[in-house]
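# Structural characterization, general
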Amino acid sequence: MKRLYRNAQIASEDSSKLMHGDVLVEAGFIIGVAAEITGVTDAEVIDCTGRILLPSLFDIHVHAREPGQEQKENIASCAEAAINGGVTGFVMMPNTSPAIDNAGVVRTLLESARSTRIGASLYTSGAITKGRKGEELAGIAGMKAAGAVMLTDDGFPVDNPQVLRRAMEYARDFDIPLSSHCEVKELSGKGCMHEGKVSYALGLPGIPSISEEICISRDIRLAEYTGVHLNIQHVTTAEGMGTIKRAKDRGIRVTCEIAPHHLMFNHEDIGDYDTNYKMNPPLRTKEDNALLLQGLKDGWFDVIATDHAPHTPFEKNQDFASAPFGITGLETALTSLYDAFISKDILDWGLIVKRYSAEPRRLMKLAPVPIKEGGIADFILFNPGRTTTFTREFMKSKSFNTPFLNKTLQGMVERVIYRGEELLAR
Ligand SMILES: [Zn+2]
């Protein structure tokens, strides 16, 4: 069965402009891309007028909460949440209970992932240290052999620089990227939001920017020393971003992530102690928002990644200081980026494709999925003319701890095509 996506605006990482055209799909592959495809009589025709057709998204920072925290999320619900947002592949984080810190857990998880509708594109990271305790190295060789694509103790930094140095040497030798959650625990203390005028006003303990920035500097220096590929997770401060940029300019193998919420929100949005604005690292300042956005435009960030972090209402309904860190992101990322930036010509579609589809796959040593003849049919159709209301019913994640809950944004992920199959059409 052929399917003809007619009259679409096609996005590519190579251009800030959209290309008008038709896309023909058969048996999982794109068999034609042209300004106009004529003479095809045996295809289902899908009118894409006014829609953007772009390669599917890939998220390298996702908490699927399996094993052990299935009340928040599991791989199956996480995969459906991803599809709902136009994401057809992701990398799971190892801060689960127990932690993903050995080959056996990696194998079990990947097996469990296979039964989802995007099973072939789900990956997991493995912990750097056993139990993410920062003391003893986890079985890195075994996890890599079992299929782990990245190492991280996400949620925590590796406090001991000697442990981190050894981990980096292993990661370098096994050619696997090491991702750092950068934070100096002694500086963060019991902090639950950015340390600044808003934390003083709210009477909440703060996490100063230097907590993140000092750890970024340390980890980069260790990466330079060991030669590992270091990825810095969820950068939130302009100073930290600048440190990474200078390291890149010196030829150090460092990449970095920006989360949509750190572009859109800042500590003033916490308002009346709204725990849907509590995450770690925390929302910083308006100035950081603007400089991070400029950094993204200038190519300083390698990838956009959501840090999708589901929590139950029971947990998030606690007081601000007690509630857990994190918000969901897979279902809202693209539409919120459209609503906040693309629709206002602040970001273009080419950048989104590069930073949230192509580069994340490359970072994990996977092939991107550009819309070209002979390529795999892994793309989404986005309708800027419709709106999305993020109700509990709309969301497929088990959790709905997001600042966008019950908000209506411009744009809609209308169709998701994965290996030729239409996983979603609305
Ligand atoms: Zn983290």
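Residues numbered from 1 in each chain as written. Predicted model: local features only at pLDDT ≥ 70, side-chain atom pairs only at ≥ 80, totals over all residues. Heavy atoms only, no water.

Pairing of strand β1 (residues 2-10) with strand β5 (residues 52-55), which is carried by two bridges, proceeds in the parallel orientation. Paired with Ile10 across the bridge in β5 is Leu53. Sheet topology places β5 next to strand β16 (residues 379-389); four bridges connect them, and they run antiparallel. Directly across from Leu53, in β16, lies its bridge partner Leu381. (Pairing = 2+ DSSP bridges. Helix = DSSP H or I, 4+ residues; strand = E, 2+ residues; numbered from the N terminus.)

By the element assignment, Gly240 lies in helix α8 (residues 238-249). When the C-alpha atoms of Gly240 and Ile210 are compared, they prove to be 8.6 Å apart, with 30 residues separating the residues in sequence. Leaving out residues up to four positions away in the same chain, Gly240 has contacts with Glu213, Ile216 and Val235. (Contact = heavy atoms within 4.5 Å.)

For the bond running from Ser97 to Pro98, omega is 0°, close enough to zero to count as cis. Along the chain, the position of Pro98 falls in the loop between β7 (87-92) and α2 (103-114). In this chain, Asn280 is followed by Pro281 through a cis amide linkage whose omega measures -5°. Inspection of the secondary structure puts Pro281 in the loop between α9 (260-264) and α10 (286-297). In the Ramachandran plot, Asp307 falls in the positive-phi region, its phi being about 60° despite a non-glycine side chain. In this fold, Asp307 is placed in the loop between β15 (303-304) and α11 (313-316). By relative accessible area, Asp307 is classed as buried at 11%. (Buried < 20%, exposed > 50% of the residue type's maximum accessible area, 1.4 Å probe, protein only.)

Interface extent is often summarised as the accessible area lost during association of the parts. Split by domain assignment, the protein chain resolves into domain 1 (2-53 + 373-425) and domain 2 (56-363). One C-alpha centre belongs to domain 1, the other to domain 2, and the line joining them spans 27 Å. Taken together, the contact pairs 36 residues of domain 1 with 48 residues of domain 2. Summed over both sides, the interface of domain 1 with domain 2 buries roughly 3500 Å², with 60% coming from carbon and sulfur. (Domains from an automatic or database assignment. Buried area = accessible area lost by both parts, 1.4 Å probe.)

Take the pattern of salt bridges next. Evaluated as defined, the whole model comprises 25 salt bridges. One salt bridge in this structure joins Lys130 and Glu136, with 3.1 Å as the shortest N-O distance. Among the residues examined, Glu136 registers a relative accessible area of 48% and is labelled partly exposed. In this structure, the salt-bridge partner of Arg218 is Asp219, at a minimum N-O distance of 2.9 Å. For Arg218, a relative accessible area of 23% translates into the label partly exposed. Through salt bridges with shared partners, a single ionic network connects Glu13, Lys354, Glu359 and Arg362. (Salt bridge = Lys/Arg side-chain N within 4 Å of Asp/Glu carboxyl O.)

With that out of the way, let us pick up the coordination of the zinc ion. In the first shell of the zinc ion, the protein supplies Asp154 (OD), His181 (ND1) and His234 (NE2), at 2.0 to 2.4 Å from the metal. For the zinc ion, the single-chain donor residues occur in sequence as D-x26-H-x52-H. Residue His181 is found in the loop between β10 (178-180) and α5 (185-188), and its partner His234 is found in the loop between β13 (230-232) and α8; the two are separated by 53 residues along the sequence. Accessibility classification places His181 together with His234 in one group, the buried group. (Donors = N, O, S within 2.8 Å, 3.2 Å for Na, K, Ca; no water.)

Let us look at helix α1 (residues 75-84). Structural remark: α-helix, 3.6 residues per turn; residues separated by three or four positions point the same way. Across the 10 residues of α1, eight count as buried, placing the element largely inside the fold. Among the residues of α1, those classed as buried are Ile75, Ser77, Cys78, Ala79, Ala81, Ala82, Ile83 and Asn84. Packing partners of the buried residues in α1 comprise β6 (57-62), β7, α2, β8 (122-124), β17 (408-418) and β18 (421-425). For α1, the N-terminal capping position is held by Asn74, with its side-chain oxygen 3.1 Å away from the main-chain nitrogen of Ala76. (Polar contact = N/O pair within 3.5 Å; in protein donor to acceptor, adjacent residues only side chain to side chain.)

Turning our attention to the side chain of Asn401. Position of Asn401 relative to the elements: it lies in the loop between β16 and β17. Overall, Asn401 belongs to the buried group, its relative accessible area being 3%. Among the polar contacts listed, one links the side chain of Asn401 to the backbone oxygen of Ala309, at a separation of 3.0 Å. Residues in contact with Asn401, not counting those within four places in the same chain, are Asn276, Ala309, Pro310, His311, Lys316, Gly326, Ile327 and Thr328.

Across all of its chains, the model carries zero disulfides by this definition. Lacking any disulfide linkage, Cys215 is separated from the closest cysteine sulfur, that of Cys182, by 4.1 Å. By relative accessible area, Cys215 is classed as buried at 3%. (Disulfide = S-S within 2.5 Å.)

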